[in-house]
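Structure assessment
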Amino acid sequence: MDMSVDIDWIEPHPHGIYIKPADAWIDSSKPVSKALVTHGHADHARGGHGQVWATPETLAIMELRYGQAIGHAVPYGGEIEIGGVKISFHSAGHVLGSAQILMEYQGNKVVATGDYKRRADPTCAPFEIIPCDIFITEATFGLPVFKHPDTATEIAKLLQVQQTHPDRSVLVGAYALGKAQRLIGELRLAGYDEPIFLHGALEKMCRLYTKLGIELGELRPVMDSDKDSMKGKIVLAPPSALNDRWSRRLPKPITAMASGWMRVRQRARQRNVELPLIMSDHADWDELTQTIKDVSPKETWITHGREDALMRWCELNQIKAKALALVGREEEDD
Amino acid sequence: MQVFADLLDRLIYTRSRNEKIRLISQYLKDTPDPDRGWVLAALTNSLDFPVVKASSVRNMAMERVDETLFKLSRDFVGDTAETVALIWPDQPTVNPDDDMSVGQVVDILAAASRKDATVILANFMDRLDADARYALLKLTTGGMRVGVSARLAKTAFAQAFDLNLDDVEEIWHAMEPPYTAMFAWGEKKAGRPDLHGLPYFRPFMLAHPLDDKALDLETYAAEWKWDGIRIQIVGTGNETRLFSRSGDDISSTFPDIAQAFGHHAVLDGELLVRGDYQGGQAASFNALQQRLGRKTVSVKMQKEYPAFVRLYDILFEGDTDLREKSWSDRRKYLEQFVPALNPERFDISTIIKAHNFDDLSAIRDGARDAAIEGVMLKKRDSPYVSGRKTGLWYKWKRDPLVADCVMMYAQRGSGKRSSFYSDFTFGCWTEEGELYPVGKAYSGFTNDELKMLDRFVRQNTINRFGPVREVEKTLVLEVAFDSIHQSKRHKSGLAMRFPRISRIRTDKPASEADFVASLQKMIS
């Protein structure tokens, strides 16, 4: 069986993936005339493009962030054609609206995952396995030391600390898009029905999630809340606010952070985190390698993250692979 | 192991010193012997398993995982024990009820041969989850990185059993892990351990850096600060031990000193190596370094680098404790004591006569002796107390030398700098217009500067050699160092003592950095 793929209509460039016949770019970090966007995180969705194709949720997120006007909404499973290339969007399980982009041209299939995870997330659709010839995968947590524990265990840790400190608040750092809403969703699933307090930078995104049909329960802005009312409660803020003066308005906050990087102890210490919660919206090592096996492409391309290690794994498992050096991807985006 | 793992993780994530003390004292109260003693030893870096080394842990991991994957992981995580704990394949059979005690681990490993130890350790690893594996490896290989100093651990012990800290300090160094007698004393089940006639370490008196020159030099005595290693000589008459500043017994590294001292006394001094400088007086620290860190030392070594001690102070003469006496009184005791010693091996640190700071400053700057680091100021009426006490002793180091160098290579740091590019190799220009490495530094910058340097490395990498990144030769670093010496180790033929990044000169083009030749002129 011939396993080689000879596809010359798709090109990796430092600032994005270029689809030649369509003259379109995936997740370009520079403004381009035709952009396909996998999801709303700033390092994938930039403002200033001419035309944008994305899922309706991603477009809504981009509109909230950049006021982007010209957008073509493509729902999961919906198909479009640009320059003879059939393009469809499929759920990636990363954040609300996140999509893998499937391209078909001259009988070959290429999938670009953007960012993805394999675990259940109450705030977005699960990852879909799409058989293809070339699979372009992320590698944010592409090292065998990264094995995210069960989400339920981490949520239980958070609730245990919250319950044992009735006179303090637990301040959890979580990225504004995705992690914050997932954390709220997971807390609600675990039966926590107290109001959850929000830093101003998280409010708009949570409101958008609710508008798009994701139930988050009662949310209150910290700005309008009395210090005493936040005792024994959970407060969410973007990571940058954790050690900021802003947190002085909280009652003796215990600093927590929800991120896959919390797996490494000294990383948590660098951020002065007292309660690390290992929760990621990216696939961990086992999930990355399992996904490559599940998709079983002829060739795997590895983008942003720790490409070296995943490349090595492919080599050990006799899987054809190459590393793409994309620039402008934030290492800390989780 | 789970309870210890839990303690370790709490200590890692707790910022408050008082909370750390509380966590440790609670653990010491709740945990039975000998576990608590072993853990206390581990926290104070006094636990050593000769059969388990960092390299054996690494090799053990490499039997389970690919070497390249391991190295990439280690580079990212910045700690071998943590990397191995995380990368170790989880066994489906891990059962939290099948826990082993710290004491069991210590006993089994202490009885094992080097070859068996790795197999035993691997079996333990298979029975534990990632956090407990981390605790197991930290217990056996040390390097806790939990932000707990020996002083803090002793404070926790004192607090747990309501004891006086100075008393604990004194007893501590005469005890061996797992400190059963000390715990019995703490729990009032036994009396204070009897230390009479034992050659044990007494905590050093330390100095604050001088930042206020308003001291009255009539009430302070000035003496040279020698650039060797601080040492305590403890003699019982029958036996002599030498202790370093951290209380490590270094007698076997310097048998020439230990054998030459047959007296019953405790002395404080600076260990130096005789060199060609100052007509056969003290040589630079560089020469002393040839003898440091060796478990045993050859006769040839002893001959080539003869060691001697320049004495600063006397703590005990016979059984008489002199520590409560004033510095002036102790100095008199010392002056009377030294003539009885072998002058080849022991001399007394001289007092500098200076009446004001201008005098002293001129004397200090005039001393370009390789073995002088600066001057010490000691309050004449100060007793000998443990640690740094405000107002008693000050150190006034010579101003550092500086050079403008160009960053050449960078490597990721360990510990709290894990994942940051924080270890920098820098170079200076040759006449031919080439950059030659002249040193390596990993300190001196602020956290914000570190982030800036890290970003520079990531954005300006031109080559990778394993964990090392070569960068564009564009960034000028002002490097401060205490002294510079000839060395065969570097291509430039130079080696700096205690180099650190003092400023990031983004304002200066790389072509204007210093020349190797101008550094050569600074050799002392």
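Residues numbered from 1 in each chain as written. Chains lettered and ligands numbered in written order. Predicted model: local features only at pLDDT ≥ 70, side-chain atom pairs only at ≥ 80, totals over all residues.

1. Some remarks on the overall build of chain A
Across its full length, chain A carries 7 helices and 19 strands. The C-alpha radius of gyration of chain A comes to 20 Å, within 12% of the 20 Å expected for a compact globule of 334 residues. Taking the principal axes of its C-alpha atoms as reference, chain A extends roughly 65 × 45 × 30 Å. Considering chain A as a whole, with its 334 residues, one finds that 50% of them fall into the buried category. By sequence separation, contacts in chain A at least 24 residues apart represent 59% of the contacts at least 6 residues apart. (Helix = DSSP H or I, 4+ residues; strand = E, 2+ residues; numbered from the N terminus. Rg over C-alpha atoms; globule rule 2.2 N^0.38 Å. Buried ≥ 20, exposed ≤ 12 C-beta atoms within 10 Å, placed from the backbone. Contact = placed C-beta atoms within 7 Å.)

2. Some remarks on the overall build of chain B
Scanning chain B from N- to C-terminus turns up 19 helices and 22 strands. Overall size of chain B, expressed as C-alpha extent along the three principal axes, is 75 × 65 × 45 Å. Here chain B holds 524 residues, and 38% of them are scored as buried. Taking the intrachain contacts of chain B between residues at least 6 apart in sequence as the baseline, contacts between residues at least 24 apart amount to 69%.

3. Concerning the pairing of strand β12 (residues 170-173) of chain A
On a regular strand, one side chain projects to one face of the sheet and the next to the other, so that they alternate. All names here are of chain A. The alternating pattern of β12 places Val170 and Val172 and Leu171 and Gly173 on opposite faces, both of which are buried. Relative to strand β15 (residues 234-237), β12 runs parallel, the two being bridged by 4 bridges. The residue bridging Gly173 from the neighbouring strand is Ala237, located in β15. Bridging between β12 and strand β16 (residues 254-258) involves 4 bridges; their strand directions are parallel. Directly across from Val172, in β16, lies its bridge partner Ala256. (Pairing = 2+ DSSP bridges.)

4. What to know about the sheet that holds strand β1 (residues 10-13) of chain A
Residues and elements named next belong to chain A. On the basis of which strands lie adjacent, the open sheet formed by 6 strands has the order β1-β2-β3-β4-β5-β6 and mixed pairing. Two strands in the sheet have a free side with no partner beyond their single neighbour: β1 and β6 (71-73). Across this sheet, the average inter-strand angle for adjacent strands is 25°, counted without regard to direction. With 4 bridges connecting them, β1 and strand β2 (residues 16-19) associate as antiparallel partners. Note that in β2 the partner of Pro12 across the bridge is Ile17. (Axes fitted to C-alpha atoms, helices over the stretch in contact; angles between N-to-C directions.)

5. Looking at the environment of A:Gly78
Within the element layout of this structure, A:Gly78 appears in the loop between β6 and β7 (79-82). Taking C-alpha positions, A:Gly78 is 17 Å from A:Ala35, a pair spaced 43 residues apart along the chain.

6. Some remarks on the confidence of the model for chain B
Residues and elements named next belong to chain B. Residues of chain B with pLDDT of at least 70 account for 98%, and the chain-wide mean is 89. Confidence, read as mean pLDDT per element, is least for helix α14 (residues 285-289) in chain B (74) and greatest for helix α16 (residues 327-337) (97). The complex prediction reports pTM at 0.81, with the ipTM value standing at 0.94. (pLDDT = per-residue confidence, 0-100.)

7. Observations regarding the sheet that holds strand β11 (residues 372-379) of chain B
Residues and elements named next belong to chain B. Overall, mixed pairing links the 5 strands, which are arranged β2-β13-β11-β3-β10 in an open sheet. Strands at the two margins of the open sheet, each flanked by one partner only, are β2 (208-209) and β10 (351-352). Note that β11 and strand β13 (residues 393-397) share 5 bridges and pair antiparallel. Directly across from Lys378, in β13, lies its bridge partner Trp393. With respect to the sheet, helix α17 (residues 357-366) is in contact with β3 (220-226), β10, β11 and β13, its orientation differing from that of β11 by roughly 150°.

8. What to know about the packing of helix α4 (residues 54-62) of chain B against helix α8 (residues 114-126) of chain B
All names here are of chain B. Between α4 and α8, the shortest axis-to-axis distance is 10 Å and the interhelical angle comes to 60°. Considered as vectors, α4 and α8 are oriented oblique to each other. In the packing of α4 onto α8, the handedness of the crossing is right-handed. Counting all contacts with α4, which are made through Ser56, Asn59 and Met60, the residues of α8 involved are Ala117, Thr118, Leu121 and Ala122. In terms of residue class, the contact of α4 with α8 is made up of 4 nonpolar, 3 polar and no charged. (Parallel < 35°, antiparallel > 145°, perpendicular 65-115°, else oblique. Left-handed = near helix turned anticlockwise from the far one by under 90°. Nonpolar A, V, L, I, M, F, W, Y, C, P; charged D, E, K, R; others polar.)

9. With respect to α16(B)
Helical geometry note: an α-helix holds 3.6 residues per turn, so side chains three or four residues apart project in the same direction. Residues and elements named next belong to chain B. Inspection of α16 places Trp327, Arg330, Arg331 and Leu334 among the buried residues, and these make up the whole buried set. Viewed along the axis of α16, the buried residues span an arc of 105°, placing them on a single side of the element. Contact partners of the buried residues in α16: β3, β7 (307-317), β9 (346-348) and β11. (Arc of directions from axis to C-beta.)

10. A closer look at the nonpolar core
Judged by nonpolar contacts, the single largest core of 157 residues is most densely connected at A:Val172, A:Ala180, A:Val235, A:Leu236 and B:Leu136. Contact partners of A:Val235, with chain neighbours within four places excluded, come to A:Ser169, A:Val170, A:Leu171, A:Phe197, A:Val222, A:Met230, A:Leu250 and A:Pro253. Judged by nonpolar contacts, the second largest core, of 47 residues, contains B:Ile233, B:Val273, B:Leu288 and B:Tyr394. (Core = buried A, V, L, I, M, F, W, Y, C linked by C-beta atoms within 7 Å.)

11. Remarks on unusual backbone geometry
The general pattern is negative phi for most residues beyond glycine and trans for most peptide bonds. The omega angle of the peptide bond from B:Asp33 to B:Pro34 is -5°, so this bond is cis rather than trans. With respect to the helices and strands, B:Pro34 occurs in the loop between α2 (17-30) and α3 (35-43). Between B:Pro177 and B:Pro178 the backbone carries a cis peptide bond, its omega angle lying at 5°. For B:Pro178, the location among the structural elements is in the loop between α11 (165-172) and α12 (180-186). A positive phi angle, close to 50°, is found at A:Gln106, a residue other than glycine. Among the structural elements, A:Gln106 can be located in the loop between β9 (99-105) and β10 (108-112). A positive phi angle, near 35°, is found at A:Lys252, a position not held by glycine. Classification of A:Lys252 by C-beta neighbours within 10 Å gives exposed; the count is 11.

12. Brief notes about the pairing of strand β18 (residues 299-305) of chain A
All names here are of chain A. Burial analysis of β18 places 6 of its 7 residues in the buried class, which makes it a mostly covered element. Bridge count between strand β11 (residues 134-139) and β18: 5 bridges; the pairing is parallel. Looking at β18, one finds that Ala139 is bridged to Gly305. In the sheet, β18 pairs with strand β19 (residues 321-323) via 3 bridges, with the strands oriented parallel. Counted as the bridge partner of Trp301 is Lys322 from β19. Of the crossover connections in this fold, the one passing from β18 over helix α7 (residues 307-316) to the parallel β19 is right-handed. (Right-handed = clockwise from strand over helix to strand, strands pointing away.)

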